[in-house]
Amino acid sequence: MYDEQGVVDAESDSLKEEQNWDEYWRLLFPKITLQDILDFEQMYKGSEEERLDLLGLYRDCSGDMDCILDSALCCRPDNELQAAINSSDPPAL
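Rules and cut-offs
Residues numbered from 1 in each chain as written. Predicted model: local features only at pLDDT ≥ 70, side-chain atom pairs only at ≥ 80, totals over all residues. Heavy atoms only, no water. Helix = DSSP H or I, 4+ residues; strand = E, 2+ residues; numbered from the N terminus. Buried < 20%, exposed > 50% of the residue type's maximum accessible area, 1.4 Å probe, protein only. Contact = heavy atoms within 4.5 Å. Areas by Shrake-Rupley, 256 points an atom, 1.4 Å probe, with all protein chains shown as cover. Patch = residues over 30% accessible without salt bridge, like charges linked within 9 Å, V, L, I, M, F, W, Y side chains within 5 Å. Salt bridge = Lys/Arg side-chain N within 4 Å of Asp/Glu carboxyl O. Phe/Tyr/Trp six-rings, centres within 6.5 Å; stacked < 30°, edge-to-face > 60°. Core = buried A, V, L, I, M, F, W, Y, C linked by side-chain atoms within 4.5 Å.

A. Region of interest: the overall build of the protein chain. Counting secondary structure elements, the protein chain contains five helices and zero strands. Going residue by residue from the N terminus, the α and β elements of the protein chain occur as α-α-α-α-α. In the protein chain, which comprises 93 residues, the share counted as buried stands at 18%. A separation threshold of at least 6 residues defines the contact pool for the protein chain, and within that pool the share at least 24 residues apart is 38%. Accessible surface, the protein chain as shown: approximately 7,500 Å² in total, 53% of it carbon and sulfur.

B. Summary view of a nonpolar patch on the surface. Together, Trp21, Trp25, Leu28 and Phe29 line one region of the surface with nonpolar side chains, adding up to about 420 Å² of accessible area. Tracing the sequence through the fold places Phe29 in the loop between α1 (21-28) and α2 (34-44).

C. Representation of the packing of aromatic side chains in the model. Within this structure, the stated rule accounts for four aromatic pairs. Where Trp21 meets Tyr24, the ring centres are 5.5 Å apart and the plane angle is 90 degrees; that geometry is what we call edge-to-face. Here Trp21 and its partner Tyr24 are both found in helix α1, three residues apart, which amounts to about one turn of the helix. Looking at Tyr24, the relative accessible area reads 23%, which means it is partly exposed. Ring centres of Tyr24 and Trp25 lie 5.5 Å apart, and the angle between their planes is 75 degrees; this geometry places the pair in the edge-to-face category.

D. Representation of the pattern of salt bridges within the structure. A complete count under the given rule lists three salt bridges for this structure. Between Asp60 and Arg59 there is a salt bridge, with the nearest N and O atoms lying 3.4 Å from each other. We classify Asp60 as exposed; its relative accessible area is 55%.

E. Seen up close, the nonpolar core. Ranked by size, the top nonpolar core spans seven residues in total: Leu54, Leu57, Tyr58, Cys61, Ile68, Ala72 and Cys75. Considering every element that reaches this core, the biggest residue donor is helix α3 (residues 48-60), with three residues. Leave out the neighbours within four places in its chain, and Ala72 touches Leu54 and Leu57.

Next up, the structure:
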């Protein structure tokens, strides 16, 4: 692997051809399950992070709701997106 200077150790066991790369990457990045997504959505929805994200999207999309809905995390057209925008005093466009 690379060291801090970007040099590859060619003798490293991690570079051998018989390495099972699928297993190696699964160790680094576990498989995401539907439950992981639902847990994230439950934590994210209604959070300060979501409020700030929505305000940023409102600004970046110039208030275009289609653009906002296409870009927002865990967002569906039936969400209370307009209420979040209204309650946060968004900047004038």
